[in-house]
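# Chains, contacts and geometry: an overview
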Amino acid sequence: MVSMFDPLHLSRRHLLQLAGTLTAATALPLVTVRPAQATPAMLASAIRNLVGEAQVKTGKVRLDIPPLVENGNTVPMTVSVDHPMTPDSFVKSIHVFNEKNPQPNVANFHLTPSAGRAQVTTRIRLADTQKVVAIAKLSDGTFWSISVDVIVTLAACTEEMP
Amino acid sequence: MPAALVNVPPKARRGAVIEIKTLMSHVMEPGYRHTAAGEVVPRDIITSFTCRFNGAEIFRADLFPAIAANPFLSFFTTASESGKFEFEWIGDNGFVATASAAITVE
């Protein structure tokens, strides 16, 4: 008796190989693409855009943010700079960055000597457990920074709409 | 109609450092969220906040999607003279909102 596969010389091994290829081909489109997450490299380049070639020193800046956050959708944050606000020497701007949200910027605050105190409070979103960085630019052109690690249990920004 | 809430002390001593608090109702849709059908929800945020005192800018903030819904901002200024604070929020899709508050400096 002649089987119908014999003229093609299809063995069991061939069929198994074919089945494997088909499975792999159909599985590929199932790989979901999540929105691009900011990486530490993006954070570094965002900071580089701001400061250029200048050196960033650690200190002066204070970032008050809870170390453990339950809901990343609204995280209270206070940033302040220990520097006098006089017309000769003052804090020009404060820039807040993050490491793992979809984009590295959080906010830029532009101050004037009349502020009296270099301190700003707001509420931010954090998409993951990550590092938050604040950089202050002084009127003499120097940059000061601080970085704080925050643990987030419920992420913000990229979840599905209800 | 957007609802703004600003808190400025009505009276202050000359030279005192006062705190100004502002709250604006806004969804601040970050533009990174998806519907259950997989479509991206378009970005709709406030991008800029400015505070002027008697016409001169005293504080400005550039906001990004990482600012929580209903943006709250608190900052400081020195009470130098009596006058009027003007607040302005500008955002996506032509969003503009303003508010003002008066202060008496003694």
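Within any chain, residue numbers begin from 1 and follow the written order of that chain's sequence. Ligands are numbered from 1 and chains lettered from A, in the order in which they are written. Predicted model: local features are reported for residues with pLDDT of at least 70 only, side-chain atom pairs are reported and counted for 80 or more only, and whole-chain, interface and lining totals are derived from all residues.

Turning our eyes to something else, we now look at the overall build of chain A. In this text, helices come from DSSP runs of H or I with a minimum length of four residues, and strands from runs of E with a minimum of two, each type numbered from the N-terminal end. A count of helical and extended segments in chain A gives two helices and nine strands. A residue is called partly exposed when the number of other C-beta atoms within 10 Å of its own lies between 12 and 20, exposed at 12 or fewer, and buried at 20 or more, with C-beta atoms placed from the backbone. For chain A, the proportion of its 162 residues judged to be buried stands at 32%. Taking the contacts inside chain A whose residues are at least 6 apart along the sequence as the reference set, 71% of them involve residues at least 24 apart. Placing C-beta atoms from the backbone, we regard two residues as in contact once those atoms come within 7 Å.

Moving on, we come to the overall build of chain B. When helices and strands are tallied, chain B shows zero helices and eight strands. Secondary structure elements of chain B, listed N to C terminal, follow the sequence β-β-β-β-β-β-β-β. Our radius of gyration is a C-alpha quantity, and the globule rule it is checked against amounts to 2.2 Å times the number of residues to the power 0.38. Scaling as 2.2 N^0.38, a compact globule of 106 residues should have a C-alpha radius of gyration of about 13 Å, whereas chain B reaches 16 Å, well beyond that. Overall, chain B is about 60 × 20 × 20 Å in size when its C-alpha atoms are taken along their principal axes.

The next thing to look at is the sheet that holds strand E4 (residues 75-81) of chain A. If you trace the six strands from one edge of the open sheet to the other, you get E2(A)-E4(A)-E7(A)-E6(B)-E3(B)-E1(B), paired in antiparallel fashion. Of all strands in the sheet, those with a lone pairing partner are strand E2 (61-64) of chain A together with strand E1 (4-7) of chain B, marking the two edges. Strand-to-strand twist of the sheet, defined as the mean angle between neighbouring strand axes without regard to direction, takes the value 15 degrees. Two strands are counted as paired when DSSP detects at least two bridges linking them. The pairing of strand E7 (residues 119-124) of chain A with strand E6 (residues 72-78) of chain B spans two bridges and is classified as antiparallel. An axis is simply a line fitted to the C-alpha atoms; with a helix, the fit covers only the stretch in contact. Between two such axes, the angle follows the N-to-C directions and lies from 0 to 180 degrees.

At the junction of the two partners, chain B supplies 28 residues and chain A supplies 31 residues. No other element matches E6(B), which puts seven residues into the side of chain B that touches chain A. Its residues assigned to classes, the side of chain B that touches chain A shows 19 nonpolar, six polar and three charged. Both strand E6 (residues 105-111) of chain A and strand E5 (residues 56-63) of chain B contribute to a ladder of five bridges, which runs antiparallel. Along E5(B), the bridge assignment pairs A:Leu111 with B:Phe59. In the scheme used here, Gly and all other residues not listed as nonpolar or charged are polar, with Ala, Val, Leu, Ile, Met, Phe, Trp, Tyr, Cys and Pro taken as nonpolar and Asp, Glu, Lys and Arg as charged.

We now examine the pairing of strand E4 (residues 46-53) of chain B. Residue and element names in this part refer to chain B. Examined bridge by bridge, E4 and strand E7 (residues 83-91) share seven bridges and lie antiparallel to one another. In the strand pairing of E7, Cys 51 is matched with Phe 87. Here E4 folds back onto E5 in antiparallel fashion, the turn holding two residues, of which Asn 54 has a positive phi close to 50 degrees.

Residues and elements named next belong to chain B. Pairing analysis gives four bridges linking E1 to strand E3 (residues 17-24), with the strands arranged antiparallel. Its bridge partner lying in E3, Ala 4 is registered against Met 24. One ladder, built from seven bridges, connects E3 with E6; its direction is antiparallel. Bridged to Glu 19 within E6 is Phe 76.

Glancing now at the confidence of the model for chain B. Residues at a pLDDT of 70 or more form 99% of chain B, whose mean pLDDT is 94. Reported for the predicted complex are a pTM of 0.83 and an ipTM of 0.94. The predictor rates its confidence in each residue with pLDDT, a number between 0 and 100.

At A:Lys60, a residue that is not glycine, the phi angle is positive and equals roughly 65 degrees. Classification of A:Lys60 by C-beta neighbours within 10 Å gives partly exposed; the count is 18. In the Ramachandran plot, B:Asn93 falls in the positive-phi region, its phi being about 55 degrees despite a non-glycine side chain. Within the secondary structure layout, B:Asn93 lies in the loop between E7 and strand E8 (96-105).

Looking now at the environment of B:Ala61. Structurally, the position occupied by B:Ala61 is in strand E5. A residue is classified by how many C-beta atoms lie within 10 Å of it, and B:Ala61, with 25 of them, is buried. Residues B:Ala61 and B:Thr78, spaced 17 residues apart in sequence, show a C-alpha to C-alpha distance of 18 Å. Contacts of B:Ala61, omitting those with residues within four sequence positions, involve A:Ala107, A:Asn108, A:Phe109, B:Phe49 and B:Leu73.

Time to look at the environment of A:Asn101. Residues and elements named next belong to chain A. Summarising the element assignment, Asn 101 is placed in the loop between strand E5 (91-98) and E6. Residue Asn 101 is classed as buried on the basis of its C-beta count, with 30 C-beta atoms lying within 10 Å. Considering only alpha carbons, one finds Asn 101 and Leu 126, 25 residues apart in sequence, at a separation of 6.3 Å.

Okay, the confidence of the model for chain A next. Parts of the prediction with low pLDDT should not have their coordinates interpreted in detail. Taken residue by residue, chain A gives an average pLDDT of 83. The fraction at 70 or more is 73%. With pLDDT under 50 throughout, residues 24-35 of chain A is counted as low confidence; its partners more than four residues away or in other chains account for three contacts.

Another point: the environment of B:Asn54. Residue and element names in this part refer to chain B. Mapped onto the elements, Asn 54 comes out in the loop between E4 and E5. The spatial distance from the C-alpha of Asn 54 to the C-alpha of Tyr 32 is 39 Å, given a sequence separation of 22 residues. Aside from chain neighbours lying at most four places away, what touches Asn 54 is Gly 83 and Lys 84.

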